[in-house]
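Structure assessment
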Amino acid sequence: MLTDPRAPGRAGLFAWAGQHTAHQVSGEKTQTHEHYLKGSIYCGDCASRLMVTHAKNGQGVVYPYFICAGRHSKRTSCIRQAMPVGDIEQKVEDYYRQVQIPEHIVVALRHMLTRQFDELREAAKKERSALAAERDKLRDERRSLLHAHHAGAVPLDLLKEEQDRIARRLAFLDSRIDAGQVEYDQAKTHLEDCLALAGNAHAIYMSLDDSLRRICNQAFFDRINVYELDGSDIVEAEHGEPFDALFDPALQADALAYDELLRSGADTKTALVGSLSFQHRVGPEGLEPPTSTV
């Protein structure tokens with residue numbers, strides 16, 4: 001358990017999110033009115049981006065609003081009215097509180113996912129053993145070919161062809177054997193960072209300035225949609241990887257069920273937990289950042 005999960009969580013967020021969302025940030029167009037939610041926030045009615053405009057009342061007081069870019073440009077038939085920026089900011093802050101994972105569920109997820117990683121690691125060890133055995137066999141084959149060539153049994157052109165084939169396969173085997181442990185360690189470390197972030201999402205978000213809130217939104221969410229329901233604005237987000245899995249109520253329910261197995265002393269293999277199929281939901285590759293580790 002991390003003694004202060006916010007501190008490493010924030011550091012991991014800044015290091016990872018900057019790379020995870022660089023393509024999104026670089027693709028944004030500079031417009032007249034900037035806001036940290038721009039690029040992340042969308043109209044839930046027509047899927048257009050929301051943009052910022054400033055309106056002045058009769059007393060000369062200027063108020064910022066989000067407006068639907070689709071309606072503004074007449075590219076869609078959207079009839080969405082302007083939304084006060086402050087109201088939407090508050091809705092997004094409330095959404096962070098809503099999705100933040102309670103500590104007891106974070107603990108349960110850590111127990112279950114760590115065990116799943118360990119099970120995958122054991123399976124990977126068996127695979128690496130098989131790869132190592134194949135590598136040893138190829139090395140023996142390479143030596144035998146050399147002996148046969150020196151004895152005049154294998155012509156030079158065939159020797160070169162076979163040696164090239166063996167070299168390519170050995171390079172592949174070496175890369176897989178060496179990468180196995182590194183991938184496991186990186187993914188497990190990243191899992192812990194993501195759990196710390198997910199368990200403190202609201203507190204972290206509220207502690208950030210506007211520039212870092214932009215990065216935070218793009219790290220947690222692929223997009224934030226604002227809907228209108230009965231005259232009120234409703235915020236719902238499409239979560240980015242791996243938070244789409246960690247925020248998934250079904251995965252959280254599996255984690256709680258697994259924790260119950262742990263407390264009862266029953267067999268704690270994760271495959272026995274309800275509908276859990278972690279390999280398909282969040283394999284190790286899904287918990288690693290796209291280009292780097294935290």
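All of the points below concern the structure found in this document. (Residues numbered from 1 in each chain as written. Predicted model: local features only at pLDDT ≥ 70, side-chain atom pairs only at ≥ 80, totals over all residues. Heavy atoms only, no water.)

With respect to the sheet that holds strand 1 (residues 41-43)
The strands making up a sheet associate through hydrogen bonds between their backbones, and the pairing can be parallel or antiparallel. Under the convention used in this document: Should DSSP find at least two bridges between two strands, the strands are regarded as paired. A run of H or I in DSSP counts as a helix once it spans at least four residues, and a run of E counts as a strand once it spans at least two, with each numbered from the N terminus. Between the N-to-C directions of two axes lies an angle of 0 to 180 degrees, each axis being a line fitted to C-alpha atoms and, for a helix, fitted only over the stretch in contact. Working rule for contacts: check all heavy atoms of both residues, and any pair within 4.5 Å makes them a contact.
In space, the three strands of this open sheet follow the order 1-5-6, with mixed pairing throughout. Strands at the two margins of the open sheet, each flanked by one partner only, are strand 1 and strand 6 (232-239). Each adjacent strand pair in this sheet contributes to an overall mean axis angle of 30 degrees, direction not counted. For strand 5 (residues 221-229) and strand 6, the ladder comprises eight bridges, and the chain directions are antiparallel. Residue pairing in the sheet places leucine 229 in a bridge with serine 232 of strand 6. Its contacts with the sheet place helix 4 (residues 85-99) against strand 1, strand 5 and strand 6, and it is angled at close to 50 degrees to strand 6. Of the strands in this sheet, strand 5 and strand 6 touch helix 8 (residues 210-220), which is tilted by about 95 degrees from strand 5.

Looking at helix 4
Given 3.6 residues per helical turn, the α-helix brings residues three or four places apart onto the same face. Our working definition: Here the expected span of a helix is defined as 1.5 Å times the quantity of residues minus one. Only protein chains enter the calculation, and the probe is 1.4 Å; a residue is then buried if its accessible area is under 20% of its type maximum, exposed if over 50%, and partly exposed in between. Relevant arc is that of directions from the helix axis to the C-beta atoms, nothing else.
Over its 15 residues, helix 4 runs 21 Å from end to end, which matches the ideal 21 Å to within 8%, given 1.5 Å per residue. Along helix 4, the positions that sit buried rather than exposed are Val85, Ile88, Val92, Glu93, Tyr95, Tyr96 and Val99. Down the axis, helix 4 shows its buried residues gathered within 155 degrees of arc, on one side only.

Spatial relationships are all this shows, so hold off on functional conclusions.
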